[in-house]
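One-letter residues, chain by chain:
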Amino acid sequence: MARKSITFWGVRNLFVIFRTRGRIKRSYMFRTRYYLEQLNTQGDDPLIDRNNIKIAIIDDMEVPYLESLRKSGYNVRHYKDIEDFEILKSYSVIVCDIRGVGKNFGSKLEGAYIIKEARKLFPEKYIIAMSSAVYKISLTTIIGVADDKIVRDSDLDRVLNAIDKAVNTMSSNRLRWLRLRDNLLNTHNVDMYDVWLIEQDFIAAMLKKDKKRLENSKGISHVNDMVKGLLVNFISGIIF
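Not measured: the values here are computed from a predicted model. (Residues numbered from 1 in each chain as written. Predicted model: local features only at pLDDT ≥ 70, side-chain atom pairs only at ≥ 80, totals over all residues. Heavy atoms only, no water.)

Novice: So, the packing of helix H6 (residues 173-186) against helix H10 (residues 225-236): which residues are in play, and what are the values?
Specialist: Remark: H6 packs on H10, axes separated minimally by 12 Å, with the N-to-C direction vectors making an angle of 175°. Comparing the axis directions of H6 and H10 gives the class roughly antiparallel. Contacts from Arg-176, Trp-177, Leu-180, Asn-183 and Leu-184 in H6 reach Val-227, Leu-230, Leu-231 and Phe-234 in H10. Tallied by class, the residues present in the contact of H6 with H10 amount to 7 nonpolar, 1 polar and 1 charged. (Axes fitted to C-alpha atoms, helices over the stretch in contact; angles between N-to-C directions. Helix = DSSP H or I, 4+ residues; strand = E, 2+ residues; numbered from the N terminus. Parallel < 35°, antiparallel > 145°, perpendicular 65-115°, else oblique. Contact = heavy atoms within 4.5 Å. Nonpolar A, V, L, I, M, F, W, Y, C, P; charged D, E, K, R; others polar.)

What follows is the structure in structure tokens.
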């Protein structure tokens, strides 16, 4: 006879009542329940937040506003191009030109390819597409996965506003997780209970400043290798 279960959510514990062969059993999982509201939305010192959030700018040309960003307290590194995506793991914000970069990947999409693949590999990261010209309609859908778009010749205030919004988003542990959680549920169809387990261990890891709480999550052991890769990338980018 198939096992049927009803799940009840308590304030601190989760318990499950299920019927097997006519007998009712109760399974308890005694564990502290955590809430996303326990995580910070952003730090108290904007300058500290800016320094903690690493930004990668991928552009084959000189970046006119680079020094202005650094003087404003942003932690920025400029790459003329990248050879692989491993180098982006430690960056929370990625600003990428859609032309002149991505040549090492052999794609005609150039920078748009980097944006497309970065979104797949790092769904929680904040991606800004940059262009110095009007792009073809065929690229619209591809770079549509970016969180924001700026034109190279935009005034400094427009660039600073875009970067500031990105840093504020990535400074929030809660928002970072919500971005990944949405991807796990809607793109990869991960079981809701497994996502809940991962979320609980993520919050515990952040509060206790112990990545192993998340690395050893039972929810991670149930997902496929691709999703495990996403979670490994996410864990590697956690900042306490």
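Novice: Quick rundown of the side chain of Ser-131? Include the residues and the values.
Specialist: If you trace the backbone, Ser-131 turns up in strand S7 (residues 126-131). Residues in contact with Ser-131, not counting those within four places in the same chain, are Asp-97, Ile-98, Ile-150, Val-151 and Arg-152.

Novice: How would you summarise helix H5 (residues 156-170) if you had to cite specific residues and measurements?
Specialist: Over its 15 residues, H5 extends 21 Å from the first C-alpha to the last, a length consistent with the 21 Å expected when each residue adds 1.5 Å. For H5, the set of buried residues is Val-159, Leu-160, Ala-162, Ile-163, Ala-166, Val-167, Thr-169 and Met-170. With a side-chain oxygen positioned 3.1 Å from the backbone nitrogen of Asp-157, the residue opening H5 is Asp-155. (Expected span 1.5 Å × (residues − 1). Buried < 20%, exposed > 50% of the residue type's maximum accessible area, 1.4 Å probe, protein only. Polar contact = N/O pair within 3.5 Å; in protein donor to acceptor, adjacent residues only side chain to side chain.)

Novice: I'd like a rundown of the pattern of salt bridges, residues and numbers included.
Specialist: Taken as a whole and judged by the stated rule, the model has 11 salt bridges. Glu-117 is the partner of Lys-116 in a salt bridge, and the nearest nitrogen-oxygen pair spans 2.8 Å. Using a relative accessible area of 15% as the deciding quantity, one classes Glu-117 as buried. Put simply, Arg-158 and Asp-148 hold a salt bridge, and the shortest N to O gap is 3.4 Å. In this pair, Arg-158 sits in helix H5 while Asp-148 sits in strand S8 (residues 148-151), placing the two residues 10 residues apart along the sequence. Since its relative accessible area comes to 30%, Arg-158 is described here as partly exposed. For Asp-148, a relative accessible area of 16% gives the class buried. One connected set of salt bridges, linked through shared partners, spans Lys-116, Glu-117 and Lys-120. (Salt bridge = Lys/Arg side-chain N within 4 Å of Asp/Glu carboxyl O.)

By themselves, these observations are geometric and do not establish any function.
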